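# Structure assessment
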Amino acid sequence: MQGIVVIEGIEYLKMYNEFSAIAKMLATVRDYVISHQGGLIVVVDKKALDEREYALLRRVLE
């Protein structure tokens with residue numbers, strides 16, 4: 001494994017950005033990490049997102 005990226009504070013990003021933009025950014029980071037044989041850890045409080053956003057986040061990061 002080349003390295004690990006840890007992303008925390010999705011709730012904070014959501015205060016200033018649309019969730020679709022956050023999901024797109026996370027998808028880009030995920031693709032980059034995978035292409036460089038790294039690991040990605042996203043820390044999120046499930047209660048801070050609604051069901052649709054949480055489901056989308058899980059789909060994007062799988």
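Structure shown above.
The following refers to the structure shown. None of these values were measured; they are calculated from a predicted model.

Assigned secondary structure in the chain consists of three helices and two strands. Element order for the chain, N to C, with α for helix and β for strand: β-α-α-β-α. In terms of overall size, the chain behaves like a compact globule, its C-alpha atoms giving a radius of gyration of 12 Å where 62 residues would be expected to give roughly 11 Å. In terms of principal-axis extent, the alpha carbons of the chain reach across some 35 × 20 × 15 Å. Looking at the chain as a whole, 23% of its 62 residues qualify as buried. For the chain, contacts bridging at least 24 residues in sequence account for 70% of all contacts bridging at least 6.

Turning our eyes to something else, we now look at the nonpolar core. One finds Ile7, Ile10, Phe19, Ile22, Ala23, Leu26, Leu49, Tyr54, Leu57 and Val60 forming the largest nonpolar core, which totals ten residues. Elements supplying a minimum of two residues to this core: helix H2 (19-35) and helix H3 (51-61). Per-element tally for this core: the top contributor is H2, with four residues. Beyond its immediate sequence surroundings of up to four residues, Tyr54 is in contact with Val44, Lys46 and Leu49.

Relative to the elements of secondary structure, Ile4 occurs in strand S1 (residues 4-8). Judged by its relative accessible area of 55%, Ile4 falls in the exposed class. Taking the C-alpha atoms as reference, Ile4 lies 8.0 Å from Val33; in sequence the two are 29 residues apart. Beyond its immediate sequence surroundings of up to four residues, Ile4 is in contact with Gly39 and Ile41.

Reading the values: the criteria
Residues numbered from 1 in each chain as written. Predicted model: local features only at pLDDT ≥ 70, side-chain atom pairs only at ≥ 80, totals over all residues. Heavy atoms only, no water. Helix = DSSP H or I, 4+ residues; strand = E, 2+ residues; numbered from the N terminus. Rg over C-alpha atoms; globule rule 2.2 N^0.38 Å. Buried < 20%, exposed > 50% of the residue type's maximum accessible area, 1.4 Å probe, protein only. Contact = heavy atoms within 4.5 Å. Core = buried A, V, L, I, M, F, W, Y, C linked by side-chain atoms within 4.5 Å.

Honestly, it's all geometry; don't read function into it.
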